[in-house]
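What follows is each chain in one-letter form.
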Amino acid sequence: MGALEGVVMELNDCAFPLVDSIITTDDPNVAFKDTDYALLVGSKPRGPGMERADLLKDNGAIFTIQGKALNDNASRDVKVLVVGNPANTNAFIAMKNAPDLNPKNFTSMMRLDHNRSLSQIADKTGSHSTRVKQMVVWGNHSATQYPDISFATVDGKPVKEVVDNDWYVNDFIPTVQQRGAAIIKARGASSAASAASAAIDHMRSWALGSDGGWVSMGVFSKGNSYGIDEDLMFALPVTCENGEWKEITGLEINDFSREMISKTEQELISEREAVAGLL
Ligand SMILES: NC(=O)c1ccc[n+]([C@@H]2O[C@H](COP(=O)([O-])OP(=O)(O)OC[C@H]3O[C@@H](n4cnc5c(N)ncnc54)[C@H](O)[C@@H]3O)[C@@H](O)[C@H]2O)c1
């Protein structure tokens, strides 16, 4: 709680025009009272020698409590963004522990992966990230994620016509998948500014709309149009309008994409199995 006081001092010192007051608490029932936007960032990092299943369980305990507190206290229209890793499964646990809230209110952060993809394409093609459209990242926020350029355009041209397939498969995909690790290696600390910026992008699109633009969000997969397991928190291509996200349906999935989507789907299914006791 001492460190939190320092955070509040910094927030006050930013003199943000929209900050009215700040409540500090370690009680989720107080923190989530009438909450409209919840950014769940706190989670336990993976320690040396820690198995993935142990990490899932330890973090699962955090997100069970937060899901219940959101269920009992938050606004019925609350928008929840889970950033803390493993973000998709943590969001899934929170959602399952909030049965009175619409599952569509829970999302996990894939926007950083989406933005990383835009930036890599812009760099490769000598364009700008704002000129890259219709990017899709499927699946889990992990090394199995599938950054898919099948529908993407740059300066109005299909990206697939501008870059060669070898770069796409052997350079672009692994670079985006491993970007988090590359940043840790270079900086000695995990991505912070880019992650915070992506969280703002995610919430801004969700709340204010994406103007028809495609964005990637980890969302509840129930009823998805791509044959993906219907009980996962899975990154899909969406547009946002009127405070709601909507899946982009009807995209043609080729064999390569199907294989990549299936791989990340299998990982999420195994994560779900590891936390079955918390759901
Ligand atoms: N989805 C993404 O794209 C993405 C990107 C960047 C970081 N992340 C993840 O976001 C998380 C936060 O990253 P960071 O760099 O700020 O890590 P950090 O270690 O600096 O901060 C984690 C915070 O979680 C808090 N915490 C620990 N246990 C908690 C609990 N039971 N309840 C609430 N809070 C608790 C810790 O006190 C700490 O302040 C990590 O899990 C990281 O892997 C995700």
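Just so you know, the residues in each chain are numbered from 1, in the order the chain's sequence is written. pLDDT decides what is reported in this predicted model: residues at 70 or higher carry local features, side-chain atom pairs at 80 or more are listed and counted, and totals for whole chains, interfaces and linings draw on all residues regardless. Neither water nor hydrogens contribute to the side-chain values; these are computed over all heavy atoms in the structure.

**Notes on the pattern of salt bridges**
Link 1 in the chain: For this analysis, a salt bridge means a side-chain nitrogen from Lys or Arg found within 4 Å of a carboxyl oxygen belonging to Asp or Glu. For the coordinates displayed, the defined rule picks out five salt bridges.
Link 2 in the chain: Close ionic contact of aspartate 155 with arginine 131 constitutes a salt bridge, the shortest N to O distance being 2.6 Å. Note that aspartate 155 is positioned in the loop between strand 7 (153-154) and strand 8 (157-158) and arginine 131 in the loop between helix 5 (111-125) and strand 4 (132-133), a separation of 24 residues in sequence.
Link 3 in the chain: Linking arginine 272 and aspartate 229 is a salt bridge whose minimum nitrogen-to-oxygen distance equals 2.9 Å. With arginine 272 in helix 10 (residues 255-274) and aspartate 229 in the loop between strand 9 (215-220) and strand 10 (233-241), this residue pair connects regions lying 43 residues apart in the sequence. A single burial state applies to arginine 272 and to aspartate 229, both of which are buried. For helices the rule is a DSSP run of H or I covering at least 4 residues; for strands it is a run of E covering at least 2, with both sets numbered from the N terminus onward. We call a residue buried when its accessible area falls under 20% of the maximum for its residue type, exposed when it is over 50%, and partly exposed in between, using a 1.4 Å probe and counting protein chains only.

**Points about the side chain of asparagine 90**
Link 1 in the chain: Within the secondary structure, asparagine 90 is located in helix 4 (residues 87-96).
Link 2 in the chain: Classification of asparagine 90 as buried rests on a relative accessible area of 0%.
Link 3 in the chain: Here a residue-residue contact requires only that any non-hydrogen atoms of the pair lie within 4.5 Å. Sequence-distant contacts of asparagine 90, that is, excluding residues within four places in its chain, are made with Ser43, Asn59, Gly60, Phe63, Val82, Gly84 and Asn85.

**Observations concerning the confidence of the model for the chain**
Low-pLDDT portions of the prediction should not be read for the details of their coordinates.
Link 1 in the chain: Known as pLDDT, the predictor's confidence for each residue is given on a scale from 0 to 100. On average, residues of the chain score 96 in pLDDT, and 100% of them are at 70 or above.
Link 2 in the chain: The ipTM, which scores confidence in the relative placement of chains, is 0.94 for this predicted complex, and the corresponding pTM is 0.96.

**What about empty space enclosed by the protein?**
One way to see where empty space is left: roll a probe the size of a water molecule over the atoms.
Link 1 in the chain: Only protein atoms enter the 1 Å grid used here. Points where a 1.4 Å probe fits but cannot escape make up a cavity, open sets with protein on both sides within 12 Å along at least five of seven lines make up a pocket, and a residue lines them when an atom lies within 4 Å of a point. Grid points are joined across faces, edges and corners, and a volume is the space filled by probe spheres set on the points. Taken as a whole and assessed by the stated rule, the structure comprises one cavity of 30 Å³ or more.
Link 2 in the chain: When its volume is computed, the largest cavity comes out at roughly 40 Å³.
Link 3 in the chain: In terms of lining, the largest cavity is formed by Asn88, Thr89, Phe92, Asp231, Leu232, Met233, Leu268 and Arg272.
Link 4 in the chain: Put simply, the parts of the chain that give the lining of the largest cavity at least two residues each are helix 4 and helix 10.
Link 5 in the chain: Top contributing element to the lining of the largest cavity by residue count: helix 4, with three residues.
Link 6 in the chain: Gly is placed with the polar residues, together with every amino acid not listed as nonpolar (Ala, Val, Leu, Ile, Met, Phe, Trp, Tyr, Cys and Pro) or charged (Asp, Glu, Lys and Arg). Across the lining of the largest cavity, the residue classes tally to four nonpolar, two polar and two charged.

**A word on the pairing of strand 9**
Link 1 in the chain: The buried fraction of strand 9 is high, at six of six residues.
Link 2 in the chain: Pairing analysis gives six bridges linking strand 9 to strand 10, with the strands arranged antiparallel. Following the sheet pairing, valine 215 is matched in strand 10 by valine 238. When DSSP locates at least two bridges between a pair of strands, those strands are taken to pair.

**Quick notes on a nonpolar patch on the surface**
Link 1 in the chain: Like charges within 9 Å and nonpolar side chains (Val, Leu, Ile, Met, Phe, Trp, Tyr) within 5 Å are joined into patches, using only residues over 30% in relative accessible area that form no salt bridge. Areas reported here follow the Shrake-Rupley algorithm with a probe of radius 1.4 Å; residue values treat only the protein chains shown as occluding. On the surface, Met1, Leu4, Val7, Leu11, Phe16, Val19 and Ile22 cluster together into a nonpolar patch covering about 560 Å² of accessible area.
Link 2 in the chain: Within the fold, phenylalanine 16 resides in the loop between helix 1 (2-13) and helix 2 (28-31).

**Quick notes on the site of the ligand**
Link 1 in the chain: As a matter of local geometry, the ligand sits amid 14 residues, with Gly42, Ser43, Val83, Asn85 and His141 nearest to it.
Link 2 in the chain: Here an oxygen atom of the ligand and a side-chain polar atom of serine 43 are 2.6 Å apart.
Link 3 in the chain: N or O atoms closer than or at 3.5 Å make up a polar contact, with two conditions inside protein: a donor-capable atom paired with an acceptor-capable one, and, for residues adjacent in sequence, both atoms drawn from side chains. One of the backbone N or O atoms of valine 83 is found 3.3 Å from a nitrogen atom in the ligand.
Link 4 in the chain: Alone, the ligand offers 860 Å² of accessible surface; in the complex the protein occludes 55% of this. Near is defined per residue: the residue qualifies when any heavy atom it owns lies within 4 Å of the molecule or strand.

**Some thoughts on the environment of isoleucine 62**
Link 1 in the chain: Within the secondary structure, isoleucine 62 sits in helix 3 (residues 52-73).
Link 2 in the chain: Distance from isoleucine 62 to alanine 94, taken between C-alpha atoms, is 8.8 Å for residues 32 residues apart in sequence.
Link 3 in the chain: Every residue in contact with isoleucine 62, bar those within four places of it in the chain, is listed here: Gly42, Ser43 and Lys44.

**What to know about the environment of leucine 11**
Link 1 in the chain: Among the structural elements, leucine 11 can be located in helix 1.
Link 2 in the chain: Judged by its relative accessible area of 33%, leucine 11 is partly exposed.
Link 3 in the chain: The residues touching leucine 11, leaving out its near neighbours within four places in the chain, are Phe16 and Ile22.

**Quick word on helix 5**
Link 1 in the chain: If you check helix 5, its first and last C-alpha atoms are 21 Å apart, about what 15 residues at 1.5 Å a residue would give, namely 21 Å.
Link 2 in the chain: Following helix 5 by one or two positions, glycine 126 has its phi on the positive side, about 70°. Each residue after the first adds 1.5 Å to the expected span of a helix.

**Here's the deal with the nonpolar core**
Link 1 in the chain: For this analysis, a nonpolar core means a set of buried residues of the types Ala, Val, Leu, Ile, Met, Phe, Trp, Tyr and Cys, connected via side-chain atoms within 4.5 Å. Judged by nonpolar contacts, the single largest core of 50 residues is most densely connected at Trp138, Ile149 and Phe172.
Link 2 in the chain: Those elements that place two or more of their residues in this core are helix 5, strand 5 (136-138), helix 7 (165-177), helix 9 (193-208), strand 9, strand 10 and helix 10.
Link 3 in the chain: With residues up to four places along the chain from it excluded, the contact list for isoleucine 149 reads Ile121, Met135, Val159, Lys160, Val163, Tyr168 and Phe172.
Link 4 in the chain: Of all hydrophobic cores here, the second largest spans 23 residues; its members include Leu70, Phe92, Ile93 and Val275.

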